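Letter by letter, the chains look like this.
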Amino acid sequence: MDKKADSDAEWKKIISLADKILELYPFDGEAMAFLAHAQLKLGDKERALDVYKEAVTKTRNGMIWEKVNAESGISRIDDNI
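Reference entry: report on the structure contained in this document.

**A word on the side chain of threonine 59**
Here is step 1 of the chain: Among the secondary structure elements, threonine 59 is positioned in the loop between helix H3 (45-57) and helix H4 (62-72).
Here is step 2 of the chain: Setting aside residues up to four positions removed in sequence, threonine 59 forms contacts with Gly29, Glu30, Ile64 and Trp65.

**Points about the pattern of salt bridges**
Here is step 1 of the chain: Evaluated as defined, the whole model comprises one salt bridge.
Here is step 2 of the chain: Aspartate 44 serves as the salt-bridge partner of arginine 47, at 3.4 Å between the closest nitrogen and oxygen.

**Focus: H3**
Here is step 1 of the chain: Counted at 1.5 Å a residue, the expected span for H3 with its 13 residues is 18 Å, and the 19 Å between its end C-alpha atoms agrees.
Here is step 2 of the chain: By the burial criterion, the buried members of H3 are Ala48, Val51, Tyr52, Ala55 and Val56. Viewed end-on, H3 has its buried residues packed into an arc of 130°, placing them on one side of the element. Looking at H3, the residues exposed on the side facing more than 90 degrees away from the buried face are Glu46 and Arg47.
Here is step 3 of the chain: Of the surrounding secondary structure, the elements contacted by the buried residues of H3 are helix H2 (29-41) and H4.

About the criteria used
Residues numbered from 1 in each chain as written. Predicted model: local features only at pLDDT ≥ 70, side-chain atom pairs only at ≥ 80, totals over all residues. Heavy atoms only, no water. Helix = DSSP H or I, 4+ residues; strand = E, 2+ residues; numbered from the N terminus. Contact = heavy atoms within 4.5 Å. Salt bridge = Lys/Arg side-chain N within 4 Å of Asp/Glu carboxyl O. Expected span 1.5 Å × (residues − 1). Buried < 20%, exposed > 50% of the residue type's maximum accessible area, 1.4 Å probe, protein only. Arc of directions from axis to C-beta.

Structure representation (structure tokens):
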């Protein structure tokens, strides 16, 4: 979904989907990273950074850690989050 999103409406749909996933699985770091990415695309940088910080603490997925670091500069390893 996020690879094809090219409008605010599509990013808002992604946020809605991520919110629904997080209602069912509130500690899912991958869903949190998905949500933060969409928030960042909509220009809500402050909220996205907060969600990214939480996301890296809720997952052991190194691919997510790399993506978060590339998009936000937040490093799970370097920052000892």
